[in-house]
Amino acid sequence: MEPVQAIPSASEFGTTKHIGDTDLGLKILEGHGVDQATYVLDPAMRKRILRKIDLRILPILTFTTVFGFLDKQTLNYASIFGIIKDANLVGTQYSWLGSIYYFGYLTMQPLAAFLLQRFTPARCLSVAIMAWAVNLFLTVVCNTFAKLMAVRFFLGVAEGIVVPSFILISTAWYSRQDQPLRVGVWFSANGLAQIIGGLGSFGLGRIHVDGISPWKWLYLIVAALTVFWSLFLIWALPTSQATARFLTAEEKVAAVEMVRDNNTGIHNRTFQREQLKEALFDPKSYIFFWFAFFGNLPNSVSTFGSLVISNFGFTSLQTTLLGMPNGAFEIIVMVVVTWFCIRFQNISCYCVVFVNIISLVGGIMLFSAPFSNKAALLVGYYLIFAWPTGYAISLSIIGSNTAGHTKKVVTNVFTLAGFCSSNIIAPQFFKTNQKPRYPLGIGSTIFGFAGMIFTIMVFRFYVMWLNKKRAPMREQALVAFQGRREQGFEDLTDRENPLFLYVY
């Protein structure tokens, strides 16, 4: 057995490294004169605070997800309402409009890491939403492949900070036990967006005005709504518990204490070189890359979904309506499965496996069912949409198992690099010369589901081994603290903090 690392005393813990660096959570507590050694969070207070946060923060994240999905998927709806013809797109050009977005997204990641270290995620989010609204307006005047490529690239740049911000906001406001369901709720808004987008495109697709194609109406309306939402966000989304107008002074303290046991902090502006090095050499960072890679390889089913369904022999308007049930299915699976994640301890990895098996079955049906059997093809298509639940849970796992603010933003770069790499190559599997079956495209989704099942189980066994290895150090730390509660906001990483326990 390896020698157990020496444990600092309670008075030394958290001050032996990063001298002078203070997490925002600790500043809030000190600003309210809280005696951290004796403060005990009342369960009734915790329940009340959680309900308040759910009523204010969660709806904002949810509807921001709706706008983000609509902004990306407007291209999907536009594909059956004239954009391909109006922009004279040929061959694989439409596929490249899907891929170039993620080149912009990937380009943004180093800058996103810097911005999220220096500024709060809430403010970064508001600015990003306004930027992507501008890009949507510009899309309307694009009439060539080159122009569309440019605006799609910068749309990716604008949205490149959104998911990292969401992960940081979720971990700053919710305890680890509460995160899976909440992440599942805001992520399930992708399904809600599919329903809204389907209904909206069905209605707007019936608009015929000389000089303005139906797809342009889609972009104009979504862009206008996005502008209003970005302005609302500046007012409504607090930068932290300290600026939350919906909380009293006592409740702000309780809201901070509620996330203390996460041992991941709230926000720290100081860049830590040691944490950067740790993130680069932590095997979990590379596992998280593959989480995002396999979790997004099936994403082109969303981009090409309308084309896939229309190839079953349905009209454009029928296709928009038939694209809505998968959104409802995604929401139901997301809420039910993530509820089990918070109801039972350490089953998140098994839940990811479960939903990916459902999607695997759907992919195989879509790949092999007779093309004359439209019912089987549609059922297979709908079953595929259990997979986003697995990716949402994996995002919760990433946030819950990474501590130290610099390490968190660097780990997000790994995650988003996997996200972008997958989404860049995935559209290329859907080739126009393989219509109507798209065997290579559907086959790539099957590969993604299988890859995610393998990767999540590798992660589970790895962190279980880490917990077992760190158990003696954790026990000594608990003895050293003797039940004291000053720890939790020292900006220590998960490796540095002997009390940190990995969840799976």
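Note that the structure is a prediction, hence the values are computed from the model and not measured. (Residues numbered from 1 in each chain as written. Predicted model: local features only at pLDDT ≥ 70, side-chain atom pairs only at ≥ 80, totals over all residues. Heavy atoms only, no water.)

Student: Looking at this structure, I do not really get the overall build of the protein. What am I missing?
Tutor: A tally of helices and strands in the protein yields 21 helices and zero strands. For the protein, with 504 residues in total, the buried portion stands at 59%. Taking all contacts inside the protein whose residues are at least 6 apart in sequence as the whole, residues at least 24 apart take part in 87%. For the protein, the accessible area works out to roughly 19800 Å², and carbon and sulfur atoms hold 67% of it. (Helix = DSSP H or I, 4+ residues; strand = E, 2+ residues; numbered from the N terminus. Buried < 20%, exposed > 50% of the residue type's maximum accessible area, 1.4 Å probe, protein only. Contact = heavy atoms within 4.5 Å. Areas by Shrake-Rupley, 256 points an atom, 1.4 Å probe, with all protein chains shown as cover.)

Student: I would appreciate a short explanation of the packing of aromatic side chains in the present structure.
Tutor: The geometry of an aromatic ring pair is captured by the separation of the ring centres together with the interplanar angle, meaning the angle of the planes. Scanning all chains against the criterion turns up 34 aromatic pairs. With 6.2 Å between their ring centres and 55° between their planes, Phe 63 and Trp 229 make a pair best called tilted. Here the residue Phe 63 occupies a position in helix 2 (residues 43–78), and Trp 229 occupies one in helix 9 (residues 214–236), the gap between them amounting to 166 residues. In this structure Phe 63 comes out as partly exposed when scored by relative accessible area, which is 40%. Classification of Trp 229 by relative accessible area gives buried; the value is 14%. Look at Phe 166 and Trp 186: their rings are 4.8 Å apart centre to centre, the planes differ by 90°, and that puts the pair in the edge-to-face class. Taken together, the residues span a long stretch of sequence, with Phe 166 in helix 7 (residues 162–173) and Trp 186 in helix 8 (residues 179–204) at a distance of 20 residues. Here Phe 166 matches Trp 186 in class, with each residue buried. (Phe/Tyr/Trp six-rings, centres within 6.5 Å; stacked < 30°, edge-to-face > 60°.)

Student: Just checking my understanding: could you explain the confidence of the model for the protein for this structure?
Tutor: Per-residue pLDDT for the protein averages 83, and the proportion of residues at 70 or more is 89%. Element-level mean pLDDT values for the protein span from 69 in helix 14 (residues 305–310) up to 95 in helix 12 (residues 283–296). (pLDDT = per-residue confidence, 0-100.)

Student: I keep staring at helix 4 (residues 93–118) and nothing clicks. Help me out?
Tutor: Along an α-helix, residues three or four positions apart point the same way, because every turn accommodates 3.6 residues. Given a rise of 1.5 Å per residue, 26 residues ought to cover 38 Å, and the 38 Å separating the end C-alpha atoms of helix 4 matches this to within 8%. Residue Gln 109 marks the point of greatest curvature in helix 4, where the axis turns by about 45°; the proline Pro 110 follows within four residues. (Expected span 1.5 Å × (residues − 1). Bend = angle between axes of the 7 residues up to and from the residue.)

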